[in-house]
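Analysis of the macromolecular model
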Amino acid sequence: MLSIKFKNNRLFYLDQTELPVKEVWRECKAASDGYIAIKQLRVRGAPLIGVFAGYVIFIAAKSFPCQRKLFLKHFFATIQHIRSSRPTAVNLFWALERIEKAVSQCFSGDGRYIRQIILKEAINIHHEDINLCAHMARYGVSLIKNGDNILTHCNTGFLATSGVGTALAVIYKAHKQRKHIHVYVDETRPLLQGARLTAWELVKKRVPCTLICDNMAASLMWRGLIDKVFVGADRIAANGDAANKIGTYNVAVIAYYHRIPFYVVAPFSTFDLTLSSGSRIPIEQRSGEELLRLFSKTAIAPRNVAVYNPAFDVTPASLISAIVSDKGIVHPPYKQNIQKLLRK
Ligand code: MRU
């Protein structure tokens, strides 16, 4: 299962807005295609956005003038453009900064040469992401017992990364180890990443799962049907507060009330130690159309009603039982332990 393909210097992506109805692969031929793909969530999920963005810069650079100064002018403008596509997932900025750093360490050479530097770094980011996913799965699986019923929110699998995933990677690993698990999938309003993407992945991978509406989770917990919650993150602040898909905070609150462990799974590239707490994480506000119509089609609310549509919320560290990263499992107190872990 792949979310993007980079072949013969061409970049292709699986258009996630078409799932689960159709598997449509599109080619990203220019920076504008890459920008639209990220903005419209055709390519989504924090780690995947970062990996994809690296390749988008390479694709865009194919049409930059070769003269060094002009090349660099176009390069920095394109970095800025792609940076502005979505604000919350820090992996996007992290990947673009890596590409920028690689280029700024290249003191000579024309555009053709710098383009190869960009490509090398984009490929490094891609290969690293695949490995990070495998490491998170390896650490996180120790938290899953035979017979566990697990709740998850949004999509954190193959479609959200260029590897096996973050939270779903842990679940896949447990399933592979023949642990008998059952996954409850929050549909994840408003764009249904749970129903359209996570359920699609789990069914394909034959992992036992049940789809529920977001507002059913508390009732399942009350009935004793959920043992653990596993979610991903788009940005984790230095104190362990974690931004993730809107509705994650609700799940964390009800899990806490029912004394159910709530785990966040994210690679080091999702941590933002420049932010002291989650209140500083920029939250993407999306178009009200996403609530007014189902997939830009059927109206489900009066056209003129006011709409509030933040794409993410922040779960306070106090509600998080542990954070699984590619370097190990972090327990509270997060402020000290995150620093220690990331220095490893
Ligand atoms: O708006 P999306 O679909 O990009 O949001 C994605 C999520 O919130 C995921 O849970 C998050 O990126 C972690 S996934 C690896």
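Heads up: these notes are all about the structure in this document. (Residues numbered from 1 in each chain as written. Predicted model: local features only at pLDDT ≥ 70, side-chain atom pairs only at ≥ 80, totals over all residues. Heavy atoms only, no water.)

**Some words on the nonpolar core**
Under the convention used in this document: Here the nonpolar core consists of buried residues drawn from Ala, Val, Leu, Ile, Met, Phe, Trp, Tyr and Cys, with membership extended through side-chain atoms lying within 4.5 Å. To sort residues, take the accessible area from a 1.4 Å probe on protein chains only and compare it with the maximum for the residue type: under 20% means buried, over 50% means exposed, and anything in between is partly exposed. In DSSP terms, a helix is any run of H or I states spanning at least four residues, a strand is any run of E spanning at least two, and both are numbered starting from the N terminus. Contacts were defined at the residue level, with two residues in contact if any of their heavy atoms lie within 4.5 Å.
Counting 42 residues, the largest nonpolar core has F52, F75 and I118 as its most contacted members. Every element with two or more residues in this core is listed here: strand 2 (10–14), helix 1 (31–39), helix 2 (46–61), helix 3 (68–83), helix 4 (90–104) and helix 5 (111–140). When neighbours within four sequence positions are excluded, F75 is seen to be in contact with I57, F64, I99, E100, V103 and I118. Ranked by size, the runner-up nonpolar core spans 28 residues in total, among them A217, A233, I323 and V330.

**A short note on the environment of K62**
Within the element layout of this structure, K62 appears in the loop between helix 2 and helix 3. Separated by 50 residues in sequence, K62 and R112 place their C-alpha atoms 8.4 Å apart. When sequence neighbours within four positions are dropped, the list of residues in contact with K62 reads N9, R10 and R115.

**Some thoughts on the sheet that holds strand 4 (residues 149–152)**
What holds strands together in a sheet is hydrogen bonding between their backbones, with the strands either parallel or antiparallel. Using the following cut-off: Any two strands with at least two DSSP bridges between them are considered paired. In this analysis, axes come from line fits to C-alpha atoms, helices being fitted only over the stretch in contact, and the angle between any two N-to-C directions falls in the range 0 to 180 degrees.
Strand order across the open sheet formed by 7 strands is 6-5-4-7-10-15-16, with mixed pairing between neighbours. At either end of the open sheet lies a strand with only one pairing partner, and these are strand 6 (209–212) and strand 16 (328–330). For this sheet, the mean angle separating the axes of adjacent strands, direction not counted, is 25°. Relative to the sheet, helix 6 (residues 167–176) contacts strand 4, strand 5 (182–186), strand 7 (228–231) and strand 10 (262–265), its axis offset from that of strand 7 by approximately 125°. Where helix 11 (residues 334–343) meets the sheet, its contacts fall on strand 15 (322–325) and strand 16, and the angle it forms with strand 16 comes to roughly 160°.

**A word on the packing of aromatic side chains**
Stated formally: Ring pairs shown here join Phe, Tyr and Trp side chains whose ring centres sit within 6.5 Å, with only the six-membered ring taken for Trp; geometry is labelled stacked below 30 degrees between planes, edge-to-face above 60, and tilted in between.
One pass over the full model with this rule turns up 8 aromatic pairs. Ring centres of F6 and Y55 lie 4.3 Å apart, and the angle between their planes is 10°; this geometry places the pair in the stacked category. Here F6, found in strand 1 (residues 4–7), pairs with Y55, found in helix 2; they are 49 residues apart in sequence, far enough to count as distant. For F6, a relative accessible area of 21% corresponds to the partly exposed category. Y55 gets classed as buried once you look at its relative accessible area, which sits at 2%. Where F64 meets F71, the ring centres are 5.2 Å apart and the plane angle is 70°; that geometry is what we call edge-to-face. Across this residue pair, the class does not change: F64 and F71 are buried. One aromatic cluster in this structure is built from F6, Y55 and F58.

**A word on the pattern of salt bridges**
Quick note on the threshold: Any Lys or Arg side-chain nitrogen located within 4 Å of an Asp or Glu carboxyl oxygen qualifies as a salt bridge.
If you walk through the whole model with that rule in mind, you get 16 salt bridges. For E18, the salt bridge goes to K22, with nearest N and O atoms at 3.8 Å. Note that E284 and R286 form a salt bridge whose closest N and O atoms lie 2.7 Å from each other. Relative accessible area serves as the criterion here: at 5%, E284 is assigned to the buried category. One network of salt bridges, with partners in common, ties together D15, E18, K22, R26 and R42.

**Considerations on helix 2**
For the record, the criterion: Under the convention used throughout, the expected extent of a helix is 1.5 Å for every residue step, that is, one less than its residue count.
Taking 1.5 Å of rise per residue, the 16 residues of helix 2 would be expected to cover 22 Å, and the 23 Å separating its terminal C-alpha atoms lies within 8% of that figure. With 16 of 16 residues buried, helix 2 is to be regarded as a mostly interior element.

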